[in-house]
Amino acid sequence: MGKFRPPKIHKYGRGVQECQRCGSRDAVIQAYGLYLCRQCFREVAGTIGFKKHS
C-alpha cells in the first residue's frame, strides 16, 4: 500500500476554476459568471437562454 497524498490545492491559475455542475476543471467558461465546463454548457445552454446561430 502506498502513502495517501491529498490532492494539491491550487491558489491561482486555470486549476482554481471548476464547473459548478460537475466539478470538472477542464475548459471552464467564466464569461457572464457561468463557471460551467463546455460539456455542461452545451447541455444547459438552451434553458439558460442562449440561442444557437447556424
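Our structure is the block above this text.
This section reports on the structure supplied with the text. Worth saying up front: this structure is predicted, and the values here are computed from it rather than measured.

### A look at the pattern of salt bridges
Side-chain pairs of opposite charge can arise whenever the charged atoms involved come near each other.
Inference 1: Summed over the entire model, instances satisfying the criterion amount to two salt bridges.
Inference 2: E18 is paired through a salt bridge with R25; the nearest N and O atoms lie 3.4 Å apart.
Inference 3: When its relative accessible area of 40% is taken as the criterion, R25 is described as partly exposed.
Inference 4: Residue R21 is joined to E43 by a salt bridge in which the shortest nitrogen-to-oxygen separation is 2.7 Å.

### Some words on the nonpolar core
Side chains of nonpolar character tend, in soluble globular proteins, to be buried together.
Inference 1: Judged by nonpolar contacts, C19, L34, L36, C37, C40, F41 and A45 together constitute the single largest core of seven residues.
Inference 2: For this core, the elements supplying multiple residues, two or more each, are β2 (36–37) and α1 (38–48).
Inference 3: Looking at this core element by element, the count peaks at three residues for α1.
Inference 4: Excluding its chain neighbours within four sequence positions, the residues that come into contact with C37 are C19, C22, D26, A27 and V28.

### So, a nonpolar patch on the surface
Inference 1: Where nonpolar side chains cluster on the molecular surface, the patch consists of Y32, I48 and F50 and spans about 360 Å² of accessible area.
Inference 2: Assignment of secondary structure puts I48 in helix α1.

### Quick notes on α1
Inference 1: All of the buried residues in α1 are C40, F41, V44 and A45. Buried residues in α1, looked at end-on, bunch into an arc of 140 degrees, giving them a common side. Away from its buried face by more than 90 degrees, α1 exposes R42, E43 and G46.
Inference 2: Residues of α1 that are buried make contact with β1 (28–29) and β2.

Scoring rules and cut-offs
Residues numbered from 1 in each chain as written. Predicted model: local features only at pLDDT ≥ 70, side-chain atom pairs only at ≥ 80, totals over all residues. Heavy atoms only, no water. Salt bridge = Lys/Arg side-chain N within 4 Å of Asp/Glu carboxyl O. Buried < 20%, exposed > 50% of the residue type's maximum accessible area, 1.4 Å probe, protein only. Core = buried A, V, L, I, M, F, W, Y, C linked by side-chain atoms within 4.5 Å. Helix = DSSP H or I, 4+ residues; strand = E, 2+ residues; numbered from the N terminus. Contact = heavy atoms within 4.5 Å. Patch = residues over 30% accessible without salt bridge, like charges linked within 9 Å, V, L, I, M, F, W, Y side chains within 5 Å. Areas by Shrake-Rupley, 256 points an atom, 1.4 Å probe, with all protein chains shown as cover. Arc of directions from axis to C-beta.

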